[in-house]
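Remarks on the overall topology
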Amino acid sequence: MSKLLDLWRVGVDAVKGDRAVAAALGAGAVPWPDHIIAVGKAAVAMAQAAGAHFPNVPMLIVTKDGHAAGAPPHARVIEAAHPVPDQRSLDAGAALLGAVSSMAPGSHLLMLVSGGASALAEALKGSMTLDDLAKETQQLLASGADIHAMNTRRKELSLIKGGGLLRRFHGLHVTTLAISDVEGDALDVIGSGIGDAPPNAQFLFTPRIVASNALARAAIEDASPFAILRNDESLYDEVEALAGRLAPMLQKAEPGLSIFGGEPTVILPENPGLGGRNMALALCLAREISGDKNLQILVAGTDGTDGPTDAAGALVDGATWDPSGADALARADAYDWLAAKGSLVKTGPTGTNVMDLMLALRG
């Protein structure tokens, strides 16, 4: 099954933040900035490339716990919690507002945005408190809502989402380079629109998507030594429904590789165990393909994390499942069960975030 992990890594490497930003800046279309802001799980990797291209430009980085290694030495770095915001998320939101609102007329801001920004930085409207925000986020996560529904709600609560942050910018030009972790690669959805311009913006706005799930899947297809059976972005459903639909198709397939992208959802019980959507989908698929000796499946998040864990996902085959997995699924506790099977995939932070990848090898 290491062949699947090797191909997964090829896809992830193709969309890493440093590589994507370096390519965009190397095209020569981005003028020298007066300030660089990087926010999201891939913020440090993106900032590394920007810092190399524009040395000594003031820089603010907001990223997830454990993702700060390698940040340019002159940058201010704030690490915060994900997926449930904490006080540092509010501190990060205040820092972003301060940086943007203090820029002078005629200035240029370079925004580097990647997935995870919705939780990592926040400034709340009205009487909303951090406890209110945490409870709201936990309810959204447990509900199985997709990213569009979640980010619509987040915008309603926020002063900095949906163009709110750049509403405070009074300079001349904003360039936003974004790594997409959403279906359709819409800038107003990535990070809940934290790098998007407000309606009727009075500055020049130049947005660009520099990496996406489609680019990662294309790199896997190009590198695959196996026949490609399909390559599409269709992992948009609840994990049980996806497993029930995909497993029969994969078992009937000809020998070869199927590549899928997207972001499945999972509905959590009242007191969930430890796991994430990719581990849950992998465990559901392991149940569906139990006994099949000719099918291997990898499901993993391209950011290197799945839910509040240190795993990206899991590798399963026809020998993985046993009946005790049913209890793990019911309790949303796939992590320990898959760990006991030796099925977890652990990569550490990858420097990107383009949703999830599923690779299925038949024969």
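Keep in mind it's a predicted model, so treat the numbers as computed, not measured.

1. Observations concerning the sheet that holds strand β5 (residues 173–179)
Taken together, six strands build an open sheet; the order of strands is β3-β2-β1-β4-β5-β6 and the sheet is parallel. Edge positions in the sheet fall to β3 (76–80) and β6 (204–211), since each of these pairs with one other strand and no more. Taken pair by pair, the neighbouring strands of this sheet meet at an average axis angle of 15°, ignoring direction. Pairing geometry for strand β1 (residues 35–39) and strand β4 (residues 108–113), over five bridges, is parallel. The partner of Val39 across the bridge, within β4, is Val113.

2. Some details on the pattern of salt bridges
Applying the stated rule across the entire model yields 19 salt bridges. Note that Asp356 and Arg277 form a salt bridge whose closest N and O atoms lie 2.7 Å from each other. You can see Asp356 sitting in strand β12 (residues 356–362) and its partner Arg277 sitting in helix α10 (residues 277–288), a full 79 residues away along the chain. Arg277 gets classed as partly exposed once you look at its relative accessible area, which sits at 26%. By sharing partners, the salt bridges in this structure join Asp65, Asp86 and Arg88 into a single network.

3. Quick word on the packing of helix α6 (residues 130–143) against helix α7 (residues 147–157)
Put simply, α6 and α7 touch, their axes get as near as 11 Å, and they point 165° apart. Judged on the interaxial angle alone, α7 and α6 are roughly antiparallel. For the pair α6 and α7, the sense of crossing is right-handed. Contacts from Leu133, Glu136, Leu140 and Leu141 of α6 reach α7 at Met150, Arg153 and Leu157. Partitioned by chemical class, the residues of the contact of α6 with α7 number five nonpolar, no polar and two charged.

4. Here we look at the environment of Met46
Note on placement: Met46 falls in helix α3 (residues 43–53). Of the residues examined, Met46 reaches a relative accessible area of 0% and is grouped as buried. Put simply, Met46 and Ala178 are 132 residues apart on the chain and 9.3 Å apart in space, counted from C-alpha to C-alpha. Apart from residues lying up to four places away in sequence, Met46 is in contact with Gly17, Asp18, Val21, Leu112, Val113, Ser114, Leu177 and Ile179.

5. Re the sheet that holds strand β10 (residues 313–317)
The six strands lie next to each other as β7-β8-β12-β9-β10-β11, forming an open sheet whose pairing is mixed. Only two strands of the sheet have a single partner each, and these edge strands are β7 (228–235) and β11 (344–345). Strand direction decides the pairing type here: strand β9 (residues 295–301) and β10, joined by five bridges, are antiparallel. By the bridge assignment for β10, Gln296 is matched with Asp317. Here helix α1 (residues 2–14) sits on the sheet in contact with β8 (256–262), β9, β10, β11 and β12, set at roughly 35° to β9.

6. Focus: the packing of helix α2 (residues 17–26) against α3
As a packed pair, α2 and α3 sit with axes 6 Å apart at the nearest point and diverge in direction by 35°. Handedness of the α2/α3 crossing: right-handed. Where α2 approaches α3, its residues Gly17, Asp18, Val21, Ala22, Leu25 and Gly26 are matched on the opposing element by Ala45, Met46, Gln48, Ala49, Ala50 and His53.

7. Focus on the environment of Leu246
Here Leu246 is to be found in helix α9 (residues 239–251). Judged by relative accessible area, Leu246 falls into the buried class, the value being 5%. Sequence spacing of Leu246 and Leu285 is 39 residues, and the spatial spacing of their C-alpha atoms is 8.2 Å. Setting aside its immediate chain neighbours within four residues, Leu246 contacts Leu235, Phe260 and Met358.

8. So, the packing of aromatic side chains
Summed over all chains, the structure comprises four aromatic pairs. Arranged with centres 5.2 Å apart and planes meeting at 85°, the rings of Phe169 and Phe203 form a pair that is edge-to-face. Linking Phe169 in the loop between α7 and β5 with Phe203 in the loop between β5 and β6, this pair joins segments that are 34 residues apart in sequence. Just as Phe169 is buried, Phe203 falls in that class too. The interplanar angle of 40° and the centroid separation of 6.0 Å between the aromatic rings of Trp321 and Trp337 together place this pair among those described as tilted. Taken together, the residues span a long stretch of sequence, with Trp321 in the loop between β10 and α11 (325–330) and Trp337 in helix α12 (residues 334–340) at a distance of 16 residues. Residue classification places Trp321 among the buried positions, given a relative accessible area of 17%.

Reading guide: rules and limits
- Residues numbered from 1 in each chain as written.
- Predicted model: local features only at pLDDT ≥ 70, side-chain atom pairs only at ≥ 80, totals over all residues.
- Heavy atoms only, no water.
- Pairing = 2+ DSSP bridges.
- Helix = DSSP H or I, 4+ residues; strand = E, 2+ residues; numbered from the N terminus.
- Axes fitted to C-alpha atoms, helices over the stretch in contact; angles between N-to-C directions.
- Salt bridge = Lys/Arg side-chain N within 4 Å of Asp/Glu carboxyl O.
- Buried < 20%, exposed > 50% of the residue type's maximum accessible area, 1.4 Å probe, protein only.
- Parallel < 35°, antiparallel > 145°, perpendicular 65-115°, else oblique.
- Left-handed = near helix turned anticlockwise from the far one by under 90°.
- Contact = heavy atoms within 4.5 Å.
- Nonpolar A, V, L, I, M, F, W, Y, C, P; charged D, E, K, R; others polar.
- Phe/Tyr/Trp six-rings, centres within 6.5 Å; stacked < 30°, edge-to-face > 60°.

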